[in-house]
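Now for the letters of each chain:
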Amino acid sequence: MAVNEGEEATVSLVDVLEEDEELENEASAVLGGSDSEKCSYPEGYVKRQALYACNTCTPKGGEPAGVCLACSYKCHEGHDLFELYTKRNFRCDCGNSKFKDFECKLYPEKDLLNSDNTYSHNFFGLYCTCDRPYPDPEDQIPDEMIQCVICEDWFHGRHLGCTVPESMELQEMVCEACMNKAPFLWIYAAHLAGRLPSGDKTCLVKISETAACKRTHQEMEGSTSKSKTNMTVCRLMELQAKGLVHSREGATFWPYIWRSKLCACMNCKSAYDKAGIPFLLDESDTVLAYENKGKKTEQEEGPHGRDPLMSALNTLNHVQQLEIIYEYNNMKTELKDYLQRFAAEGKVVTPEDIQRFFEEQHTRKRQRANAGQYYCS
């Protein structure tokens, strides 16, 4: 904060709390609108929710299974869990036939299987084309993990086959394998995806230099010819006519608005369905939309949408605020160290774990207070 010359720099508790906003946003991205008290199974195949896989109940070598946020807390406390971030169109498996004799404590009346669920090696704690765990104790190379918005697998930046852009505007990534499963996306990539930095090899070629895009157009139209009476303009055909296409290698990075630019004519919708990606036309499918849903829910459930701690600051004088800042910084450092142990072991933090932390904090504070009595006059 700005100070005049000669004045001592001070910081308010408001400033300290605002530094933690980024951490709160990350929590919202994972938990979003997921319910931590009720099993999501009765909701059916939830459009997007936080998911976990239990390595204790369904280890590698068996059938993959996923459990909702509430079941990770109530049914699998103390188990070895893999955090899967979020997945789309998934129904909670907790307690079904994949768990043998284990019964869900929140909603035991489940079908034997959820046949429409989609699974991957993520459910056994493995990620990327390298098929390795994260964090990987054998990998000493610092690297970020990036999620593909189609297959929803996570990839090391160095394994994407391209330069990872630094632009914050490019919020979604599609891996090379998913691009090739829906090859018409390469045409969109030439016009909508992020460009490589200058100096890197170009990602664009003339459409006349490859016959692949002609096959792509045939795939889009299908075996039947386009009806002459169909007056709907195909946005894909318009882009294709401009003569550029993205080279077919490496992952692609897209701005948040790219889904709204996709063609929604009948032929294109059919192609999305055939490729298994109809959700690309649904802008509420995005992780950002899910995160915003979580923030909205928090605001609606809070006291008039305002943090009571922030409201209470106005009642404190400067000395009281400094005392709270000191205690808060100590607590924040100790809480960070406490939570890092869970992250290192890949465990989920439960409400009971947080309660235990604050009980230990209270015990230590009481011990310090008792020790201080010997020095009081």
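Residues numbered from 1 in each chain as written. Predicted model: local features only at pLDDT ≥ 70, side-chain atom pairs only at ≥ 80, totals over all residues. Heavy atoms only, no water.

Looking at an unreviewed UniProt entry, one finds the protein named Putative E3 ubiquitin-protein ligase UBR7 and attributed to Scleropages formosus. The Catalytic activity (unreviewed entry) field of the UniProt record for the protein holds the comment "S-ubiquitinyl-[E2 ubiquitin-conjugating enzyme]-L-cysteine + [acceptor protein]-L-lysine = [E2 ubiquitin-conjugating enzyme]-L-cysteine + N(6)-ubiquitinyl-[acceptor protein]-L-lysine." Check the Pathway (unreviewed entry) section of the UniProt entry for the protein; it says "Protein modification; protein ubiquitination." (UniProt positions renumbered as here; feature names shortened; annotations may be inferred.)

**Some thoughts on the overall build of the protein**
Helix and strand counts for the protein stand at 12 helices and 9 strands. For the protein, the proportion of contacts with a sequence separation of at least 24, taken over those separated by at least 6, is 73%. Entry remark: accessible area of the protein is about 22,400 Å², with carbon and sulfur atoms responsible for 51%. (Helix = DSSP H or I, 4+ residues; strand = E, 2+ residues; numbered from the N terminus. Contact = heavy atoms within 4.5 Å. Areas by Shrake-Rupley, 256 points an atom, 1.4 Å probe, with all protein chains shown as cover.)

**Details of unusual backbone geometry**
A cis amide bond links Tyr 134 with the next residue in sequence, Pro 135, at an omega value of 0 degrees. Among the structural elements, Pro 135 can be located in the loop between strand 3 (81–90) and strand 4 (145–147). Phi is positive for Asp 131, which is not a glycine, with a value near 55 degrees. For Asp 131, the position within the fold is in the loop between strand 3 and strand 4. In this structure, Glu 152 is a non-glycine residue whose phi angle is positive, near 65 degrees. Note on placement: Glu 152 falls in the loop between strand 4 and strand 5 (154–156).

**A look at the state of the cysteines**
All chains considered together, the criterion is met by 0 disulfides. Considering cysteine sulfurs only, Cys 54 is the nearest to Cys 57, which forms no disulfide, with 3.5 Å between them. With no disulfide partner, Cys 151 has as its closest neighbouring cysteine sulfur the one in Cys 148, 3.7 Å distant. (Disulfide = S-S within 2.5 Å.)

**Quick look at the pattern of salt bridges**
Applying the stated criterion across every chain yields a total of 13 salt bridges. Two residues, Arg 132 and Asp 136, come together in a salt bridge whose shortest N-O distance is 2.8 Å. Of the residues examined, Arg 132 reaches a relative accessible area of 28% and is grouped as partly exposed. A salt bridge links Arg 158 to Asp 139; the nearest nitrogen and oxygen atoms lie 2.6 Å apart. Here Arg 158, found in the loop between strand 5 and strand 6 (170–174), pairs with Asp 139, found in the loop between strand 3 and strand 4; they are 19 residues apart in sequence, far enough to count as distant. (Salt bridge = Lys/Arg side-chain N within 4 Å of Asp/Glu carboxyl O. Buried < 20%, exposed > 50% of the residue type's maximum accessible area, 1.4 Å probe, protein only.)

**Quick look at the pairing of strand 1 (residues 46–54)**
For strand 1, the buried fraction is high: 8 of the 9 residues fall into the buried class. Pairing of strand 1 with strand 3, which is carried by 7 bridges, proceeds in the antiparallel orientation. By the bridge assignment for strand 3, Gln 49 is matched with Lys 87. Relative to strand 2 (residues 67–68), strand 1 runs antiparallel, the two being bridged by 2 bridges. Counterpart to Tyr 52 in the pairing with strand 2 is Val 67. (Pairing = 2+ DSSP bridges.)

**Quick notes on the nonpolar core**
In this structure, Ile 150, Met 173, Val 174, Phe 184, Leu 185, Tyr 188 and Ile 277 are the most contacted members of the largest nonpolar core, which totals 48 residues. Among the elements that line this core, the one with the most residues is helix 5 (residues 185–192), at 5 residues. When sequence neighbours within four positions are dropped, the list of residues in contact with Leu 185 reads Ile 150, Met 179, Trp 254, Trp 258, Ile 277 and Leu 280. Ranked by size, the runner-up nonpolar core spans 18 residues in total, among them Tyr 41, Tyr 52, Cys 71 and Cys 94. (Core = buried A, V, L, I, M, F, W, Y, C linked by side-chain atoms within 4.5 Å.)

**Notes on the sheet that holds strand 2**
The strands making up a sheet associate through hydrogen bonds between their backbones, and the pairing can be parallel or antiparallel. The strand order across the open sheet formed by 3 strands is 2-1-3, and the pairing between neighbours is antiparallel. The open sheet has two edge strands with one neighbour each: strand 2 and strand 3.

**Focus on the environment of Asp 285**
Considering the arrangement of structural elements, one finds Asp 285 in the loop between helix 8 (266–275) and helix 9 (287–301). Among all residues touching Asp 285, those that are not within four sequence positions of it are Arg 48, Arg 88, Arg 259 and Phe 279. Among the polar contacts listed, one links the side chain of Asp 285 to the side chain of Arg 88, at a separation of 2.8 Å. (Polar contact = N/O pair within 3.5 Å; in protein donor to acceptor, adjacent residues only side chain to side chain.)

**Re helix 5**
The buried fraction of helix 5 is high, at 6 of 8 residues. Along helix 5, the positions that sit buried rather than exposed are Leu 185, Trp 186, Ile 187, Tyr 188, Ala 189 and Ala 190.

**Observations concerning the side chain of His 79**
In this fold, His 79 is placed in the loop between helix 3 (69–74) and strand 3. A relative accessible area of 19% places His 79 in the buried class.

**A few points about the side chain of Asn 122**
With respect to the secondary-structure elements, Asn 122 resides in the loop between strand 3 and strand 4. The buried category is assigned to Asn 122, whose relative accessible area is 0%. Setting aside anything within four residues of it in sequence, one finds Asn 122 in contact with Leu 84, Lys 87, Tyr 127, Glu 152, Asp 153 and Trp 154.

**A word on the packing of aromatic side chains**
Going through the model one piece at a time under the given rule, you end up with 11 aromatic pairs. An angle of 40 degrees between the planes, with centres 5.2 Å apart, marks the rings of Tyr 338 and Phe 357 as tilted. Here Tyr 338, found in helix 11 (residues 318–345), pairs with Phe 357, found in helix 12 (residues 351–372); they are 19 residues apart in sequence, far enough to count as distant. The class of Phe 357 is buried, set by a relative accessible area of 2%. Here the aromatic residues Tyr 338, Phe 342, Phe 357 and Phe 358 are joined through ring pairs into a cluster of three or more. The ring of Phe 279 carries the charged tip of Arg 88 above its face, separated from the ring centre by 3.6 Å. Stacked on the ring of Tyr 41, the Lys or Arg Arg 91 has its end atom at 3.8 Å from the ring centre. (Phe/Tyr/Trp six-rings, centres within 6.5 Å; stacked < 30°, edge-to-face > 60°. Lys NZ or Arg CZ within 6 Å of the ring centre and 35° of its normal.)

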